[in-house]
Every structure is written in C-alpha cells, then in structure tokens.
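Topology and contacts: notes
Below, each chain spelled out in residue letters.
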Number of protein chains: 2
Amino acid sequence: MVEDAGTEVAVGRDGGQAIRRAVALLREVSASKAKGLGAKLSGLAEATGLTQPTAHRLLAVLLKEGLLERDSASRAYRLGPLLYEFGLAAAPRVDVRRMCGPTLDRIAAEAGDTAYLNSRSGTDALCLDRREGSFEIRALPVEVGNRRPLGVGAGALAVLASLPPGEADLVVAANEGRYRRHGLIADKVRTAIEATRARGFAVTTGRIVARYRGVAVAVGNGVGGVPVALSVIAIAERLDVRRIEAVAALLRREEAALRAAISGSLTTHKGRAA
Amino acid sequence: MVEDAGTEVAVGRDGGQAIRRAVALLREVSASKAKGLGAKLSGLAEATGLTQPTAHRLLAVLLKEGLLERDSASRAYRLGPLLYEFGLAAAPRVDVRRMCGPTLDRIAAEAGDTAYLNSRSGTDALCLDRREGSFEIRALPVEVGNRRPLGVGAGALAVLASLPPGEADLVVAANEGRYRRHGLIADKVRTAIEATRARGFAVTTGRIVARYRGVAVAVGNGVGGVPVALSVIAIAERLDVRRIEAVAALLRREEAALRAAISGSLTTHKGRAA
DNA sequence: CAGGAACTTCCGCAATGTGGAAGTTGATGT
DNA sequence: ACATCAACTTCCACATTGCGGAAGTTCCTG
C-alpha cells in the first residue's frame, strides 16, 4: 500500500480499511445505477482505486452477505436485498422527503415536467424523490435513490453551489477523478459553480446525451441541516431560454414557501450533533 | 481467534472476516431495535461473539462511514443515514410488500387489530409491513423493518415452521444463542414449530411481556420464492380461544386468495438465480 | 462519595487481507 | 469457425491490517 494519498478517502487513515473499502464499493455501485451502464468489476475497481483482485474479493464477500446482487447476464453488480431491508429499518435523521413532498407535487403540476428533490450525501448528490409532470414526453434520467458526484446534473450542481465555498472546493477536489466518467472535469465544475452562484439557480444540459436540460434551485440553508435542491428536468426543446426563467421563478417561489414552512415547524425535530 | 466454531456464522470461512463481522453487527443493531432496549456496545459484542474492543473498533468505523449513528444520550447505536439512502436505491428482488398490501388491508379491516407481514431474511424474520386495525387499543410491538430471530413471535414462528424441516433445524441451531435474550430456548422453539405444523397456524404470547398475543399463517410456498407469513397481533384479552380460531380462519382465507393472485401473475417477474 | 459496570485506549503479535502474475472465460472482429 | 483481446477469476508469498488481553477512563447506581 504505497499508493499516492488522494485516491482513497484521504482522511481518517486509522483502522477499518476493509470496511471503508467495502462501503466505497457500495457507494460506487449505487452511483453506477444512474449512468446506464451497470457496475462492472473493472469500473468499480478503477473508481475506488482498488486493484481488480482486491475489488473482486471484497465484492464477493458483499455478494455472499446479501449487500449486493449480481445480474447473471450482464455481470453487473447492484445493491442487494439486505440493503433494502436495512433501509426499511433505518429512519432518516430528518424526513426531508416528506417535508418536501407537497412542494414537489406543486412543481410537477405547474411545470408539467419532472420535478426532483436532491440532497447531499458526503461528496455525492442523492435523488431523494421525484414527481412526474403531465407533459407527454417525460424526462426521467434519474431515479429515486440514484447517486452521483455533486456537480453532475442540475440538482446536484445547485446543492454543490449552495455549500460554503471552502466546503464546495473540498468536494470538487475529492470528486476530481470521478467527473471524467460523466464527461466533465473539475475546472468545468468550478466554473459552473460560479455561474450558478451568480445566477441564483443552476442550469445544465445532459453531458453524455444532450437530450435533457435541467433547472435547479437550492433550498436556503438546507432542510433540517441537510443541503437540498429542487429541480425540474425536461427534454431540451422544452426548456428554451424563456421557459428556463419561468421555471426558475417557479422553483424560487416554492423554495421560499418551503423555507417558511420549515422555520414554522422548527422546534419539532432538533438536529442531532455529529 | 481460537474461539469455538459455532459462535460465528460457521459456514464460508474464507476471507472477508472484517466485512462479515461488520454486517453481523449491522444485523444485530437492526434486530435490537425491536426489543425496547437499544443496541449497546456490550450487547452487540455478546450477540455477535466478538470481544468488546473488536466490536468497538468495527462500530467506530461503521459510525464514521454513516452506516450507523449513535444516540448521544443513551449511547445506543442505530442504523445510519447511509443505510436509509442505500435502501432508496436498492429495489427488492420481488416486491413482496406491494403484492401483499391489499391482503394486509383487508385483514386489518376485518380483524380490527394490527395485521403484519413478515418475511425470512437469513436466520431472521423481518417485518416488511403492517396495517393498524380500528380497535381502540393497538398492539404495535413490532415496527416495519424490525428484525428478530426466526421463531420469536407469531409471524416469525409461522415463517420458520413453513421452511423445509432440515432448513428449519439449521436456522434454530444457528439462532440457539440468540433466543435467550427473548426469553426462549431452542427446545421450546422446536416444540412450537411442531405445534404450528400440526395446527396449521402459529399462536404465541409475548414472552417478555405477556401483554400481546399473535396468530399467524405462512403463505404457501412463499411469495416469489421468499417465505412469508401473515399475522394479527392484539392485546391478549382480545384473542381468546374462540377468536383465535376466527382470526386463523380469516388469515387462511386471505392466504389462499393471495396464493391464487400470485400464481395468476406468475410470469411477470421471473426469479433471479442466486 | 465509593463501588462497579460499561466503555475506550493501548500495544505486541499474527491472522487476515493484499496485489502481481498466471489462468480462464467470454466477447468481438475477420 | 477461429483468432485476438479484454474482462474476470484464482493463486500464493508477503506484510499490513486487524486482533484482543490488559489497563485506563467515564458514567451510572447505591
């Protein structure tokens, strides 16, 4: 293990190597679900900085334990039944999803396109929820539970840009190597963050396939301490310059309402210290 | 590591010690949620057969990774935010929960007491879903996601008794040490399995607190290959001998209907090979 | 405030996990 | 159909990671 630092998680080097690596693999499998191509051994090894034999052995254990399953045809790994089961038992710290449900409903209804709720999870953005609009052609590139590096996609970019600058820089640096797989590089992300901050909302065009376009607004200081963003994704033609502004206005309006609703029920759940 | 074999998982001794132990701890934390008392270090160490320092170190890593959280007041561990998030992304093999939803609705409505859906997960029973009835006093000892050794509780007993005898014996043997914490021993469980098989349904009285009583019926050959049981739990007074029979009849009726519905939509999802 | 239990830290030893290299399987192109 | 290549899997000698007994600390409980 002479490797350069930086490939790995880089902080907290004491103990738990195997477990940390295993969790990194799980996160990567979870992230790979977003991009169409499944989570193959080689890709996972590369993304986590592990050698192929090591990744293989760890994955085999995770498989046997039921944390992962493997598609026999494509050989791709995916999250397993035990994780689903744990998910049933694990209550979220703050139920961001429920708190934002009505907001999402209204956004999807009014915009007619798909509304998304994204939150921060470490250096990832996580799709917490979504609502489909009434328009015939639905843009559904991301599914609930999907995970990708902060900065990739409208919602994820809005979340990233809403973090304190120092924090955002750290995240971008940590994700440096992962952006390439999404057709991005760190510098482009940094530029996009600036633009998002200046504009007040995020706009993106699907990188791999330029078929979709997204508009996103971060929620004030987050929901119960968790940074989140509201976004709308549609096929590119449906989001021309004019409509982008309209959707952004809608998102901003809903963001303000949501923030008000949250501070109203502030005393309900007190945040837990880390 | 001179320890006696049998304390650990006992099969598949090759590789992945750290990860296997970590998963065992997660399962135990998940199981401890059921019994009122939280998952303390000492209990987890004992239940998993680890020494306290080892358990402590592993738990610390799981904590740092976000798979667990810790209640600062009680020092008890509980499943963390990352597991909730993975749960969103992990689709269940077969959506047992949705397939049985209407059945549960009807049982709860007709019985007036709480209806439960339990499935097998390894050597555990897992509460997949529940519906509250209309009766004023609700028996809600178990929550969705809760996990306890197969054999503990009506639903868990019905599931266990529905397994092939050899398989059930293995499970009971594997759970040997865990029954004590629920006021049971392996031999009592074996007797209860026999009684359940003879009777055609399971009846239990809460062991730790004899306040509740439960009636359960296993679903034919399981749902999509997963062994499951339907059950009704109520305060003991509400389930006297006469009503037990009535509830059992209701459960059996619903079980038959469910089985019919399943075999009707058989071709929909083909089971995935292990 | 003393006694005890639960939790946390320490550290030398060795079992577990590591990754280069070789072997196997399966996909792709001619 | 066959050759070529890439992706996956297995093997094994080595040392890093993880282990747990013992000692220290904190937090209850009487």
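Up top you'll find the structure we're talking about.
Because the structure is a prediction, the values reported are computed rather than measured. (Residues numbered from 1 in each chain as written. Chains lettered and ligands numbered in written order. Predicted model: local features only at pLDDT ≥ 70, side-chain atom pairs only at ≥ 80, totals over all residues. Heavy atoms only, no water.)

Some points on unusual backbone geometry
All names here are of chain A. Unlike most non-glycine residues, Arg75 shows phi in positive territory, near 65°. Residue position: Arg75 is located in the loop between strand E1 (68–70) and strand E2 (77–79). Here Arg75 falls in the exposed class, since its relative accessible area comes to 59%. (Helix = DSSP H or I, 4+ residues; strand = E, 2+ residues; numbered from the N terminus. Buried < 20%, exposed > 50% of the residue type's maximum accessible area, 1.4 Å probe, protein only.)

What to know about the protein's contact with DNA strand D
Near DNA strand D you find 20 residues, and of these Gln17(A), Ala18(A), Ser42(A), Thr54(B) and Arg57(B) are the closest. Here, DNA strand D places atoms within 4 Å of the protein, and 80% of those atoms are sugar or phosphate. Separating a phosphate oxygen of DNA strand D from a backbone N or O atom of Gln17(A) is a distance of 2.9 Å. Between a phosphate oxygen of DNA strand D and a side-chain N or O atom of His56(A), the distance comes to 3.1 Å. Every element with two or more residues in the surface near DNA strand D is listed here: helix H1 (17–32), helix H2 (41–48) and helix H3 (52–65) of chain A together with helix H1 (17–32) and helix H3 (52–65) of chain B. (Near = heavy atom within 4 Å. Polar contact = N/O pair within 3.5 Å; in protein donor to acceptor, adjacent residues only side chain to side chain.)

Considering the protein's contact with DNA strand C
For DNA strand C, the set of nearby residues contains 19 residues, the closest of which are Arg21(A), Thr54(A), Arg57(A), Ala18(B) and Ser42(B). Each atom of DNA strand C within 4 Å of the protein belongs either to a base or to sugar and phosphate, the latter forming 75%. Backbone polar atom of Ala18(B) to a phosphate oxygen of DNA strand C: 2.8 Å apart, as the coordinates give it. If you list the elements that add at least two residues to the surface near DNA strand C, you get H1 and H3 of chain A together with H1, helix H2 (41–48) and H3 of chain B.

Section: the interface of chain A and chain B
Listed per partner, the contact involves 44 residues of chain A and 44 residues of chain B. Carbon and sulfur atoms make up 66% of the area that chain A and chain B hide from each other, which totals about 4000 Å². Counting every contact that joins chain A to chain B gives four salt bridges. Of the charged contacts in the structure, one is a salt bridge between Glu65(A) and Arg27(B), with a shortest N-O distance of 3.7 Å. (Contact = heavy atoms within 4.5 Å. Buried area = accessible area lost by both parts, 1.4 Å probe. Salt bridge = Lys/Arg side-chain N within 4 Å of Asp/Glu carboxyl O.)

Some points on empty space enclosed by the protein
What the rule picks out here adds up to six cavities of 30 Å³ or more. As a volume, the largest cavity reaches approximately 80 Å³. When grouped by side-chain class, the residues that make up the lining of the largest cavity number twelve nonpolar, no polar and no charged. (1 Å grid on protein atoms, 1.4 Å probe; cavity = no way out; pocket = protein on both sides within 12 Å on 5 of 7 lines; lining within 4 Å. Points joined across faces, edges and corners; volume = space filled by probe spheres on them. Nonpolar A, V, L, I, M, F, W, Y, C, P; charged D, E, K, R; others polar.)

Quick look at the packing of aromatic side chains
Ring pairs (aromatic) are described by centroid distance and by the angle formed between their planes. Applying the stated rule across the entire model yields zero aromatic pairs over all chains. Residue placement shows Arg199(A) over the ring face of Phe201(A); its charged tip is 5.7 Å from the ring centre. (Phe/Tyr/Trp six-rings, centres within 6.5 Å; stacked < 30°, edge-to-face > 60°. Lys NZ or Arg CZ within 6 Å of the ring centre and 35° of its normal.)

Regarding the relation of the copies chain A and chain B
Note on the copies: chain A fits chain B at an RMSD of 0.1 Å, the axial shift is 0.0 Å, and the rotation between them is 180°. Both chain copies can therefore be described as sitting about a two-fold axis. Relative to the rotation axis, the C-alpha of Gly87(A) is the closest in chain A, positioned 2.0 Å from it. The share of interface residues of chain A whose copies in chain B are also at the interface is 98%, consistent with both copies meeting through the same surface. (Least-squares fit on C-alpha atoms with pLDDT ≥ 70 in both.)

Side note on the pattern of salt bridges
Applying the stated rule across the entire model yields 38 salt bridges over all chains. In this structure, the salt-bridge partner of Glu110(A) is Arg253(A), at a minimum N-O distance of 3.2 Å. Taken together, the positions of Glu110(A) in helix H5 (residues 96–111) and Arg253(A) in helix H9 (residues 241–264) put the pair 143 residues apart, joining distant regions of the chain. Two residues, Arg259(A) and Glu255(A), come together in a salt bridge whose shortest N-O distance is 3.0 Å. A residue pair is termed a helical-turn pair when its members lie 3 or 4 positions apart in one helix, as Arg259(A) and Glu255(A) do in helix H9 at four residues. If you follow the salt bridges from partner to partner, you end up with Glu28(A), Asp124(A), Arg147(A), Arg178(A) and Glu85(B) in one network.

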